[in-house]
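One letter stands for each residue in the lines below.
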Protein chains: 4
Amino acid sequence: MPGYIGHRDEILRRLRRVEGQTRGLQRMVEEDAYCIDVLTQISAATRALQAVAISLLEDHLGHCVADAVRSGGPERDEKLREATAAIERLVRS
Amino acid sequence: MPGYIGHRDEILRRLRRVEGQTRGLQRMVEEDAYCIDVLTQISAATRALQAVAISLLEDHLGHCVADAVRSGGPERDEKLREATAAIERLVRS
Amino acid sequence: MPGYIGHRDEILRRLRRVEGQTRGLQRMVEEDAYCIDVLTQISAATRALQAVAISLLEDHLGHCVADAVRSGGPERDEKLREATAAIERLVRS
Amino acid sequence: MPGYIGHRDEILRRLRRVEGQTRGLQRMVEEDAYCIDVLTQISAATRALQAVAISLLEDHLGHCVADAVRSGGPERDEKLREATAAIERLVRS
């Protein structure tokens, strides 16, 4: 079971809202909205996506990584490196 | 006419692809995909959204801001400040 | 003359403050400060650096790019592409 | 002992290099370097700072957070929330 299992409904709701934001963006562009207004909405959608990522990451650290840490062994280091790489991709994107 | 008028179809195509990515994310979460795989896809969608923003910004600088600069007057400073604020929101998000 | 010539003293002052922040970070690490406190100070230094970048960018758009736009010709497109690439590096870093 | 204790020398070396980069930036501005060249160096310094942060975070997750997870109890949730907040500041900066 993934770490976010306890928050799945909330995460799906937030992803649906981001999907709605990307549809709203298409409507804006079809209606020749002003560039800056489109950019403001893109920043809002980006922030919403990253907030979902932060929330998933907290669940992942508290469940999957915590389990691997408790079990010890090689899986511990592997899970830590994998989580760090995911954080790095988030920071860079 | 907005600065992106010459690239509207391409921008709409890219936004539709991001919409597809957000639907793919929902499917992953519904199927209990591994947290890290979901995070990787969120980073990809974020990068795609920001690439659209960079492209819109280039059009905006080359058209709307360039026109205001050529016309001079108070609109010049206003447009520059507005564009800078949009860049700041992008960097912060 | 670079676009920031009118703000050079202010930019130097801000860069000196960032230099001080990086020295403060070294002191914290030498004194075994708590990881999270070091991370908070790194975020502060990063934000300070990016604020300098945003300020330089505004000057650059208002002077160097504006001049190229007014002169028209191939330099116009070159300067716009160069500025956009710099914005992209900022957003990605 | 902080989580980075085993990497302290390397972290100090990297922070000293960032300090050198911020001094190099001041020299560039004093010598009226081209705006875009200054921006490129700011992006490099920002990326270097964030790489130190990612490295500190990995140590923190592998030591401080791992210890709290193993001990269980209320400290576990507190440490996880604290680490998530630090990641959020990094992503936002």
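Residues numbered from 1 in each chain as written. Chains lettered and ligands numbered in written order. Predicted model: local features only at pLDDT ≥ 70, side-chain atom pairs only at ≥ 80, totals over all residues.

1. Points about the overall build of chain A
So, step 1. Scanning chain A from N- to C-terminus turns up 3 helices and 0 strands.
So, step 2. Moving toward the C terminus, one meets the helices and strands of chain A in the order α-α-α.
So, step 3. Each of the three principal axes of chain A carries a C-alpha extent, and together these read 55 × 30 × 15 Å.
So, step 4. Counting over 93 residues, chain A shows a buried share of 43%. (Helix = DSSP H or I, 4+ residues; strand = E, 2+ residues; numbered from the N terminus. Buried ≥ 20, exposed ≤ 12 C-beta atoms within 10 Å, placed from the backbone.)

2. Structural notes on the relation of the copies chain D and chain C
So, step 1. Superposing chain D onto chain C takes a rotation of 180 degrees plus a shift of 0.0 Å along the axis, which leaves an RMSD of 0.0 Å. In short, the pair behaves as if placed about a two-fold rotation axis.
So, step 2. Comparing interface residues between copies, 100% of those in chain D also lie at the interface in chain C; the contact surface is shared. (Least-squares fit on C-alpha atoms with pLDDT ≥ 70 in both. Contact = placed C-beta atoms within 7 Å.)

3. Topic: helix H1 (residues 8–30) of chain A
So, step 1. End to end, H1 of chain A covers 33 Å across 23 residues, agreeing with the expected 33 Å (1.5 Å per residue, within 8%).
So, step 2. Elements that come into contact with the buried residues of H1 of chain A comprise helix H2 (35–71) of chain A together with helix H1 (8–30) of chain B. (Expected span 1.5 Å × (residues − 1).)

4. Some points on the packing of helix H2 (residues 35–71) of chain C against helix H3 (residues 73–92) of chain D
So, step 1. Viewed as axis vectors pointing N to C, H2 of chain C and H3 of chain D meet at an angle of 15 degrees, and their least axial separation amounts to 9 Å. Relative to H3 of chain D, the element H2 of chain C lies roughly parallel. In the packing of H2 of chain C onto H3 of chain D, the handedness of the crossing is left-handed. Touching Ile-36, Leu-39, Thr-40 and Ser-43 of chain C of H2 of chain C are Glu-82, Ala-86, Arg-89 and Leu-90 of chain D, all from H3 of chain D.
So, step 2. Tallied by class, the residues present in the contact of H2 of chain C with H3 of chain D amount to 4 nonpolar, 2 polar and 2 charged. (Axes fitted to C-alpha atoms, helices over the stretch in contact; angles between N-to-C directions. Parallel < 35°, antiparallel > 145°, perpendicular 65-115°, else oblique. Left-handed = near helix turned anticlockwise from the far one by under 90°. Nonpolar A, V, L, I, M, F, W, Y, C, P; charged D, E, K, R; others polar.)

5. Re the environment of Val-29 of chain D
So, step 1. Positionally, Val-29 of chain D belongs in helix H1 (residues 8–30).
So, step 2. Residue Val-29 of chain D is classed as buried on the basis of its 24 C-beta neighbours within 10 Å.
So, step 3. Contacts of Val-29 of chain D, omitting those with residues within four sequence positions, involve Arg-8, Ile-11, Leu-12 and Leu-15 of chain C together with Val-38 of chain D.

6. Notes on the interface of chain D and chain C
So, step 1. If you look at the interface, chain D gives 44 residues, while chain C gives 45 residues.
So, step 2. Residue assignment for the side of chain D that touches chain C shows that the elements contributing at least two residues are H1, helix H2 (35–71) and H3 of chain D.
So, step 3. In terms of residue count, the dominant contributor to the side of chain D that touches chain C is H2 of chain D (19 residues).
So, step 4. In the side of chain D that touches chain C, the residues fall into 25 nonpolar, 9 polar and 10 charged.

7. Let's talk about H1 of chain D
Three- or four-residue spacings in an α-helix give side chains the same orientation, since the helix completes a turn every 3.6 residues.
So, step 1. Restricting attention to buried positions, one finds in H1 of chain D the residues Ile-11, Leu-15, Val-18, Gln-21, Thr-22, Leu-25 and Val-29 of chain D.
So, step 2. Next to the buried residues of H1 of chain D lie helix H1 (8–30) of chain C together with H2 of chain D.
So, step 3. In the segment just after H1 of chain D, Asp-32 of chain D is the residue with positive phi, at about 55 degrees.

8. Here's the deal with unusual backbone geometry
Leave glycine aside and you will find that most residues have negative phi; peptide bonds, for their part, are mostly trans.
So, step 1. Positive phi values are uncommon outside glycine, yet Asp-32 of chain C reaches one of about 55 degrees.
So, step 2. One can find Asp-32 of chain C in the loop between H1 and H2.

9. Here's the deal with the packing of H1 of chain C against H1 of chain D
How two helices sit against one another is set out by the angle between their axes and by the gap between those axes.
So, step 1. Contact geometry of H1 of chain C with H1 of chain D gives a least axis separation of 9 Å together with a crossing angle of 170 degrees. When the axis of H1 of chain C is compared with that of H1 of chain D, the two are roughly antiparallel.
So, step 2. When the residues that make up the contact of H1 of chain C with H1 of chain D are grouped by side-chain class, the tally is 12 nonpolar, 4 polar and 10 charged.

10. Observations regarding the environment of Asp-37 of chain A
So, step 1. Turning to its location among the elements, Asp-37 of chain A is positioned in helix H2.
So, step 2. Note: C-alpha distance between Asp-37 of chain A and Arg-70 of chain A (33 residues apart in sequence) is 48 Å.

11. Overview of the confidence of the model for chain A
All names here are of chain A.
So, step 1. Scored by pLDDT, chain A comes out at a mean of 94, with 100% of its residues at no less than 70.
So, step 2. Least confident of the elements in chain A is helix H3 (residues 74–92), whose mean pLDDT is 92; most confident is H1, at 98.
So, step 3. Under the prediction, the complex receives an ipTM of 0.94, its pTM being 0.92. (pLDDT = per-residue confidence, 0-100.)

12. Points about the environment of Ser-93 of chain A
So, step 1. Mapped onto the elements, Ser-93 of chain A comes out in the segment after H3.
So, step 2. In this structure Ser-93 of chain A comes out as buried when scored by C-beta crowding, with 21 C-beta atoms within 10 Å.
So, step 3. Between the C-alpha atom of Ser-93 of chain A and that of Ala-83 of chain A, which follows or precedes it by 10 residues, the distance is 15 Å.
So, step 4. Beyond its immediate chain neighbours, meaning those up to four positions away, Ser-93 of chain A contacts Ser-43, Thr-46 and Arg-47 of chain B.

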